[in-house]
Amino acid sequence: MNDRFISFEGIARRYPAPGGAQTTIFEDLWLGVPKGEFVCVIGHSGCGKTTLLNILAGLDAPNGGVVLVDGKEISGPSLDRAVIFQGHALLPWRTVLGNVAYAVSSRHPKKSKAEVEEHAKRFIKLVGLEGSEHKRPAELSGGMKQRVGIARALSIEPKILLMDEPFSALDALTRGTLQEEVRRICRETGQTVFMITHDVDEAIYLADRIVLMTNGPGAMVAETVVNPLPVDRERTDLHKNPAYYPLRNHLIDFLVTRSRTFRDAVPADRDPRRPPAVTIPVPQPAESLRTVA
Amino acid sequence: MRLSIGARASVLSAVILVVFLLAWHIAVRGTTTGGPAMDPEYAKLMGLTATQGKSAMPGPLDVGAKLIEHARRPFYDNGPNDKGIGIQLGWSILRVAAGYGLAVLLAIPLGFLIGMSPMVSRALDPFIQILKPVSPLAWMPLALYTIKDSGASAIFVIFICSVWPMLVNTAFGVASVRKEWLNVARTLEVGPWRRAFTVILPAAAPTILTGMRISIGIAWLVIVAAEMLVGGTGIGYFVWNEWNNLSITNVITAILVIGLVGMLLDQMLARAARAVTFPE
Ligand SMILES: Nc1ncnc2c1ncn2[C@@H]1O[C@H](COP(=O)(O)OP(=O)(O)OP(=O)(O)O)[C@@H](O)[C@H]1O
Ligand SMILES: [Mg+2]
């Protein structure tokens, strides 16, 4: 059960196309995510990543197939699945505290105002925004807004955290700091995370497993790549690990060519229900280096 | 030394006022300044001014004196045709408040419904499109015939003229609440009532308030005309009555007072609009 904590089972999503036809974003898509795993989905723009995430969030309904979470079919959004939106989506008329407290009071309607605020403050502190509780979103920088979004999502203590390119609008420095914080928090709490990104390095640093989606329409999950890097990795030291470049090359190679050509050479024995889990072999020279040292 | 823009603007305003008052004073100089011209022989006087090229217009000093007189005794009541300007204004404000209040009660919930349901929006659209451009005064005979009460008819006319901007703006504001804010509420499993009050209402409030501000302006424009028609009480009736009395001084005084009250009403709504506006 736990190795399919999230389970996409044969889902399809189609949109009406001009002239009465239909565009199939994807079809018969299967994917399982074990509990406590951090999964990143990468794929080209427009292949259907947001659609996939929105279906898991319950904000969008598939035209076919089901999504199971913890063994139960989902039907609409739930407090068990928190979403960190790409455009932060804070309520601009509420303060930082007000935004987080809104989520907390939705999760715990019976809590008193003081309890809600104290709970909210705990999560504001967690993302390092102490002292800005009474600011409004308009007074915050882009990175701070995204932190509030993270605090809001974490404050409801969801079973699954969903993130749609949460850092793509931030500058490199802020992005790096937030990636480190998100990784720390998610590791401490054993959070199951389903994240979409465009950034290969972000996926390599954060993910336990990386899902590769081919180009749309009719996108497929080509494979899932197991991240061979040690769990206690440092963001700035990634490139020193011998497994880093092979993994990175594999992902870039997928984005550059295989995402486009995959459909023309689908292996005959491919079972859409079980996209292959790939492990990238680590080159051996590292071995000799270690013996020398 | 250079004054700030604000200070220079004030100086310019004062200069314009003084020039205007002087020009007015000079233009009407030579007119008999014997207070309100209730003289039954006024017609003769008219002939005289016509032949001698003199003006029957009161000057700024007459109007000023009249204003002071009204300010001293705003609430006197000497029978149906002679009441203080304060009482008349009170009646008008009361009618506007009643008609406008009823319009708020209808337009905001209905606007919510229209904004949230594209089906209701389409169903009601033809009615709104046809009824909205009708001059509120065109409803007056129908109101008088069905309600059979002139005061209530005036209130109805205020209601019908204030309802449209609020309805249209509320519907627009509610329909254009950002999808991502609604999605936040959905992912937090916020119920429909809580969502209406904690997401849609605050998000649409600036647009709704804009509609309310347009409405109060129109209501205050229309009340004068409505009261001229139905008569009895109110500032509109006062203006018409003073015209019949040929007291141009009182008419000008009333114009000033109407403008002043209209400005205050607008400022109130503007302040409320500022209070609900959020920076993005
Ligand atoms: N409401 C809609 N009507 C028609 N087509 C849509 C609609 N929403 C999305 N699509 C199409 O579905 C496809 C997938 O969209 P989606 O937003 O999931 O892409 P994405 O992978 O998230 O892209 P990006 O990386 O740019 O965010 C796109 O080709 C888009 O044109
Ligand atoms: Mg997307």
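Use the structure listed above.
In this text, all values refer to a predicted model and were calculated from it rather than measured experimentally.

## With respect to the interface of chain A and chain B
Across the contact, 21 residues belong to chain A and 18 residues belong to chain B. In this structure, the connection of chain A to chain B is made through five residue pairs in polar contact (both at pLDDT 80 or more). Sort the elements by how many residues they give to the side of chain A that touches chain B and helix α2 (residues 96-107) of chain A lands first, with four residues. Its residues assigned to classes, the side of chain A that touches chain B shows 14 nonpolar, five polar and two charged.

## Points about the pattern of salt bridges
Residues and elements named next belong to chain A. In the structure shown here, the tally under the stated rule is 20 salt bridges over all chains. Of the charged contacts in the structure, one is a salt bridge between E181 and R147, with a shortest N-O distance of 3.2 Å. Within this pair, whereas E181 is found in helix α5 (residues 172-189), its partner R147 is found in helix α4 (residues 142-155), the two being separated by 34 residues in sequence. The exposure class assigned to R147 is buried, which follows from its relative accessible area of 14%. Note that D199 is salt-bridged to R175, the shortest N-O span being 3.6 Å. In this pair, D199 sits in the loop between β8 (192-196) and α6 (200-206) while R175 sits in helix α5, placing the two residues 24 residues apart along the sequence.

## A short note on the site of ligand 1
Residues and elements named next belong to chain A. Close contacts around ligand 1 come from Y15, I25, H44, S45, G46, C47, G48, K49, T50, T51, E165 and H198, and that covers them all. Taking T50, its side chain carries an N or O atom lying 2.5 Å from an oxygen atom of ligand 1. A distance of 3.4 Å is found between an oxygen atom of ligand 1 and a side-chain nitrogen or oxygen belonging to E165. In isolation ligand 1 offers 640 Å² of accessible surface; the protein chains occlude 57% of this area. Per-element accounting of the shell around ligand 1 gives the leading share, three residues, to helix α1 (residues 49-57). When grouped by side-chain class, the residues that make up the shell around ligand 1 number three nonpolar, seven polar and two charged.

## Observations regarding the side chain of A:T192
Looking at where A:T192 falls in the secondary structure, it is placed in strand β8. Of the polar contacts made by the side chain of A:T192, one reaches the backbone nitrogen of A:G36; its length is 2.8 Å.

## Brief notes about the environment of A:R258
Residue and element names in this part refer to chain A. Take R258: it is sitting in helix α7 (residues 244-261). The spatial distance from the C-alpha of R258 to the C-alpha of R270 is 16 Å, given a sequence separation of 12 residues. Sequence-distant contacts of R258, defined by excluding residues within four places in its chain, comprise E223, H250 and D253. Within the local environment of R258, its side chain forms a polar contact with the side chain of E223, the two groups lying 2.8 Å apart.

## Brief notes about empty space enclosed by the protein
For the structure shown, the criterion picks out one cavity of 30 Å³ or more. Lining of the largest cavity is provided by A:A82, A:V83, A:F85, A:G149, A:R152, A:A153, A:I156, B:V184, B:T187 and B:L188. Counting residues per element, the ones that place at least two in the lining of the largest cavity are β6 (81-84) and α4 of chain A together with α8 (179-187) of chain B. For the lining of the largest cavity, the element with the highest residue contribution is α4(A), accounting for three residues.

## Observations regarding the packing of aromatic side chains
This structure, assessed with the given rule, holds eight aromatic pairs over all chains. Between the aromatic rings of A:F8 and A:F194, the centroid separation amounts to 5.7 Å while the plane-to-plane angle is 45°, which identifies the pairing as tilted. A residue pair is termed long-range when its members are at least 10 positions apart, and A:F8 in strand β1 (residues 6-16) and A:F194 in strand β8 qualify at 186 residues. For A:F194, a relative accessible area of 0% translates into the label buried. Aromatic pair A:W93 and B:W181: ring centres 5.3 Å apart, planes at 85°, arrangement edge-to-face. With A:W93 in the loop between β6 and α2 and B:W181 in helix α8, the pair connects residues from two separate chains. Three or more aromatic residues joined by ring pairs make a cluster, and in this case those are A:W93, B:W181 and B:F278. Cation over ring: A:R183 sits above A:Y205, and NZ or CZ is 5.7 Å from the ring centre.

## Considering the side chain of A:D60
Residues and elements named next belong to chain A. Among the structural elements, D60 can be located in the loop between α1 and β4 (64-69). A distance of 3.2 Å separates the side chain of D60 from the side chain of R13, its partner in a polar contact. Setting aside residues up to four positions removed in sequence, D60 forms contacts with R13, Y15, T51, N54 and I55.

## Considering the nonpolar core
Counting 152 residues, the largest nonpolar core has A:F8 and A:F194 as its most contacted members. Not counting the four nearest positions on each side in its chain, A:F194 is found in contact with A:F8, A:L31, A:V33, A:V39, A:V41, A:L52, A:L53, A:L56, A:L161, A:L162 and A:M163.

## Here's the deal with the pairing of β8(A)
Residue and element names in this part refer to chain A. Within β8, five of the five residues are buried, leaving the element largely enclosed by the surrounding structure. Side chains T192, F194 and I196 of β8 all project onto a buried face; the interleaved residues V193 and M195 project onto the opposite face, where all are buried too. Where strand β3 (residues 38-42) meets β8, four bridges bridge the pair, whose relative direction is parallel. Looking at the pairing, V39 lines up with F194 of β8. Alignment of strand β7 (residues 160-164) against β8, held across five bridges, turns out to be parallel. Opposite D164, over in β8, you have I196 as the bridge partner. In this region the chain leaves β7, passes through α5 and returns to the parallel neighbour β8; the handedness of that crossover is right-handed.

## Let's talk about the state of the cysteines
Residue and element names in this part refer to chain A. One pass over the full model with this rule turns up zero disulfides over all chains. Of the cysteine sulfurs around C40, a residue in no disulfide, the closest is that of C186, at 10 Å. Take C40: its relative accessible area is 0%, and that puts it in the buried class. C47 takes part in no disulfide bond, and the closest cysteine sulfur, belonging to C40, lies 14 Å away.

## Notes on a nonpolar patch on the surface
Together, B:L3, B:V11, B:L12, B:V15, B:I16 and B:V19 make up a nonpolar patch on the protein surface, roughly 530 Å² of accessible area in all. Along the chain, B:V19 falls in helix α1 (residues 5-27).

## Let's talk about the pairing of strand β9 (residues 209-213) of chain A
Residues and elements named next belong to chain A. Counting buried residues in β9 gives five out of five residues, a clear majority hidden from the surface. Burial of the side chains of β9 extends over both faces: R209, V211 and M213 are buried on one face and I210 and L212 on the other. In this structure, β3 lies alongside β9, joined through four bridges in parallel fashion. Its bridge partner lying in β9, I42 is registered against L212. The pairing of β9 with strand β10 (residues 221-226) spans five bridges and is antiparallel.

Parameters and conventions
- Residues numbered from 1 in each chain as written.
- Chains lettered and ligands numbered in written order.
- Predicted model: local features only at pLDDT ≥ 70, side-chain atom pairs only at ≥ 80, totals over all residues.
- Heavy atoms only, no water.
- Contact = heavy atoms within 4.5 Å.
- Polar contact = N/O pair within 3.5 Å; in protein donor to acceptor, adjacent residues only side chain to side chain.
- Helix = DSSP H or I, 4+ residues; strand = E, 2+ residues; numbered from the N terminus.
- Nonpolar A, V, L, I, M, F, W, Y, C, P; charged D, E, K, R; others polar.
- Salt bridge = Lys/Arg side-chain N within 4 Å of Asp/Glu carboxyl O.
- Buried < 20%, exposed > 50% of the residue type's maximum accessible area, 1.4 Å probe, protein only.
- Near = heavy atom within 4 Å.
- Areas by Shrake-Rupley, 256 points an atom, 1.4 Å probe, with all protein chains shown as cover.
- 1 Å grid on protein atoms, 1.4 Å probe; cavity = no way out; pocket = protein on both sides within 12 Å on 5 of 7 lines; lining within 4 Å.
- Points joined across faces, edges and corners; volume = space filled by probe spheres on them.
- Phe/Tyr/Trp six-rings, centres within 6.5 Å; stacked < 30°, edge-to-face > 60°.
- Lys NZ or Arg CZ within 6 Å of the ring centre and 35° of its normal.
- Core = buried A, V, L, I, M, F, W, Y, C linked by side-chain atoms within 4.5 Å.
- Pairing = 2+ DSSP bridges.
- Right-handed = clockwise from strand over helix to strand, strands pointing away.
- Disulfide = S-S within 2.5 Å.
- Patch = residues over 30% accessible without salt bridge, like charges linked within 9 Å, V, L, I, M, F, W, Y side chains within 5 Å.

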